[in-house]
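Take a look at the letters that make up each chain.
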Amino acid sequence: MSKKIKFIILALAVSATSFAGKLNVVTTTSDLASITEIVAGDLAKVSSICSGNQDPHHLQARPRYVMMARNADLWIRTGMDLEIGWEMPVIDGSRNRKIRPGNPGHLDVSTQIHKLDIPDASMLSRAMGDVHSQGNPHYLIDPENAKHAAQDIAERLAQLDPKNADTYRNNAGAFIDRIDKRMEEWKEQMEPLKGKSIVTYHRSWLYFCERFGLTIAIELEPKPGIPPSPTHLTRVIETVQADEIKLILQEPWYSTKAADRVAEKTGARVVTAPTYTGSDPDADNYIALIDLIVKRLTE
Amino acid sequence: MKYHYSSAILVMAGALLTLNAVAQDDTPEKVPTRNDSTSALSAFNPAVSAIVDMYYYNENSKEGLSHMKEEMPGFAGHSHGEDEHDHGEKENGFNLNHVELTLSAEVDNYFKALANVAISEDGAEIEEAWAETTGLPWGFQAKAGKLFSNFGYINAQHSHMWDFSDQPLIYELSLGSHGLNDKGVQLSWLAPTPVYLLFGAEVFQGDNEMMYVQKENDDLPKNDGPRLGVGWVKLAPLQIDNHELLLGLFGASGSHQEVHEEGGATNSFDGINWFAGADAVYKFDSGKAYDQGDATVQAEYFYRNKELDQENGDEELTGAQDGYYIQGTYGILPRWRGGLRWEQVGLTNQEEEEGIKKEFSDSWRATAMVDLRPSEFSQVRFQVSNGDYDLGDKGVENVWEVYVQLTFSIGAHDAHSF
């Protein structure tokens, strides 16, 4: 074998096992990646399948994701069926047995959180739209739930990498303290909106609104996953007028056409805010994300 | 068409189905909730789903398009057994393609398994029944049972996943309505390279209705299985956010027998059928909601070659055919897609029997479709095709085809591979 070929093989082997010694963590969504980065510091290489601008319901199990999952030591997911359309083909395709569900390398962050919107099993039907049987999966937009996530992630990292266990736990503790401190400020900023009704596009904002005392009067989507119909928009306009709603809040990947129509008829303000880290240059980490949502709502 | 009003009724029915999804007057009922975290679903139950696939179909050929396809020189169905039932045959009017029942689950710590039974009005057929390893090291994976070969792009997809209501001509004419779907084993290896590089090798029993047939005939040897080997490689060279490109090369070789009855004489042939080709798929994710602006372009080229020896004589029977398709889809509106497909078969189309070499010409078909996916679980599709089919001595016949297809899925939420 010539030296050149040997070098190429060596280079391939190195690239495949790069960051050796560092934990390789892959998260399904970018908010989980940001929390993991805060908890792991320099001890892990963290990447997210879903960029902040993509709706995590609707991804395809692309070869690129298979490549990301292939060398992961830990796979972290939101759970509650958010990733159901693409997660298993990615994990199967990666041939990475460490990250299959049920193994220490697979973490579902939803286990500890207080779930909302859990449909009554006896009433559950697909006619309700894209309803998740285990409840509304957009829980990380509530900073209190981000604290639970940080704790879960720290415990799992400690289990996989026991010699750095204290660092992970301390980092998670510091993150929780920071959230607690910022929470007072966020609540203060959101005070003028407390008790007010708003309109949202998808039910992505439920946990956030619960935390800060906002009421969601109606969604622009008639049912989860179903785009606004003209009849439904009429109903939205009636609701906005009846409840004197001033705000329509929506995620960045939806067209603002429906919201603009309602705004035009009612004078309500349309606010587009990110729901995931990285979808806006100003929301490059989890705390900046909440900062930005609060700022957009209150400016 | 016999009844002139029927097309009008069909269009109305299709429009109503579409309208039902587009302008549904939804009562904004609140989802009843309860606040505990126990899930109603048990993880130990296998995921169960049923997919109902049906269509209205009409074509205007003189003798029936499926009959014509069996007469196309070069692709002619010498290999069709007399008693063999062709499941791809469509009737003018309403067709229930099939109901597909799927059960899947992790078997244990080592395997996952899936069973898929397609039930049609003529009976049930096992489309897939396999177990796949989940714990092999170094990027290996093995799969055994009855499975779709993973060569090319469209072969491994169930019919309800296709972007058009029918399969490309070259697939239908070469491998039949089920593609290459057989009992066997598959071994694949994800190479530890910085780009996605997947190698696969498959060994099958070699029971295909078109290209890999064993005949009952005293002159012919009884060939033991496995009689078919397939190899493929897939490469995804791009690592860009919203773009994905997947390229593939494939080849296969296996045992094939034919019996020709001409002018009172019966000639029996035994030998090798092989095929090779390439596939490419590009997908663009616009990032917009409800698949608006998403685009897909895919193309496959397929070349096949036959080399058979006469068992009750000294003659040879050889042939070579090829074909390709290229198709694209685009999310024209939220939940609506439009698609175009162009395909040709028989650009190479020759046969040599008893020293006489014959060259045949090619056939083509152009297809347009529009579909609506009201949700993840339902789809309505309208499709129109027009094509010229070369029938050798009978000349060329132009045929129009129309589909209105409905696909419903109940049960577990599907997760699709790329």
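In what follows, the accompanying structure is described. Please read these numbers as outputs of a predicted model, since none were measured by experiment. (Residues numbered from 1 in each chain as written. Chains lettered and ligands numbered in written order. Predicted model: local features only at pLDDT ≥ 70, side-chain atom pairs only at ≥ 80, totals over all residues.)

Quick notes on the overall build of chain A
Item 1. For chain A, the helix and strand inventory stands at 10 helices and eight strands.
Item 2. Its C-alpha atoms give chain A a radius of gyration of 21 Å, near enough to 19 Å, the size a compact globule of 299 residues would have.
Item 3. Principal axes of the C-alpha set define a box for chain A whose edges measure 80 × 40 × 40 Å.
Item 4. Counting across all 299 residues of chain A, residues that qualify as buried make up 49%.
Item 5. In chain A, 60% of the contacts between residues at least 6 apart in sequence involve partners at least 24 apart. (Helix = DSSP H or I, 4+ residues; strand = E, 2+ residues; numbered from the N terminus. Rg over C-alpha atoms; globule rule 2.2 N^0.38 Å. Buried ≥ 20, exposed ≤ 12 C-beta atoms within 10 Å, placed from the backbone. Contact = placed C-beta atoms within 7 Å.)

Section: the nonpolar core
Residues and elements named next belong to chain A.
Item 1. In this structure, Val 25, Ile 35, Val 39, Ala 69, Ala 150 and Ile 153 are the most contacted members of the largest nonpolar core, which totals 83 residues.
Item 2. Top contributing element to this core by residue count: helix α10 (residues 286–298), with seven residues.
Item 3. Looking at which domains feed residues into this core, each of domain 1 (21–109 + 137–182) and domain 2 (185–298) gives three or more.
Item 4. Apart from the residues lying within four places of it in its own chain, the contact partners of Val 39 are Ala 150, Ile 153, Ala 154, Leu 157, Tyr 168, Asn 171, Ala 172 and Phe 175. (Core = buried A, V, L, I, M, F, W, Y, C linked by C-beta atoms within 7 Å. Domains from an automatic or database assignment.)

Points about helix α9 (residues 257–266) of chain A
Every α-helical turn comprises 3.6 residues, leaving residues that sit three or four positions apart pointing alike.
All names here are of chain A.
Item 1. Every buried residue of α9 is listed here: Ala 258, Ala 259 and Val 262. The arc that holds every buried residue of α9, seen down its axis, measures 100°, which confines them to one face. In α9, the exposed positions that point more than 90 degrees away from the buried face belong to Lys 257, Asp 260 and Glu 264.
Item 2. Buried positions along α9 lie against α8 (230–243), β7 (247–250) and β8 (269–272). (Arc of directions from axis to C-beta.)

Comments concerning the interface of chain B and chain A
Item 1. Counting from both sides, the interface comprises 45 residues of chain B and, opposite them, 51 residues of chain A.
Item 2. For the side of chain B that touches chain A, the elements supplying multiple residues, two or more each, are β5 (140–148) and β9 (243–262) of chain B.

Considerations on the sheet that holds strand β6 (residues 215–219) of chain A
Residue and element names in this part refer to chain A.
Item 1. Read across the sheet, four strands follow the order β6-β5-β7-β8 without closing on themselves; strand pairing throughout is parallel. The open sheet has two edge strands, β6 and β8, and neither has a second partner. Taken over all neighbouring pairs, the strand axes of this sheet differ in orientation by 30° on average, direction set aside.
Item 2. Pairing of β7 with β8 involves four bridges; the strand directions are parallel. Among the inter-strand pairings, Leu 249 is bridged to a residue of β8, identified as Val 271. (Pairing = 2+ DSSP bridges. Axes fitted to C-alpha atoms, helices over the stretch in contact; angles between N-to-C directions.)

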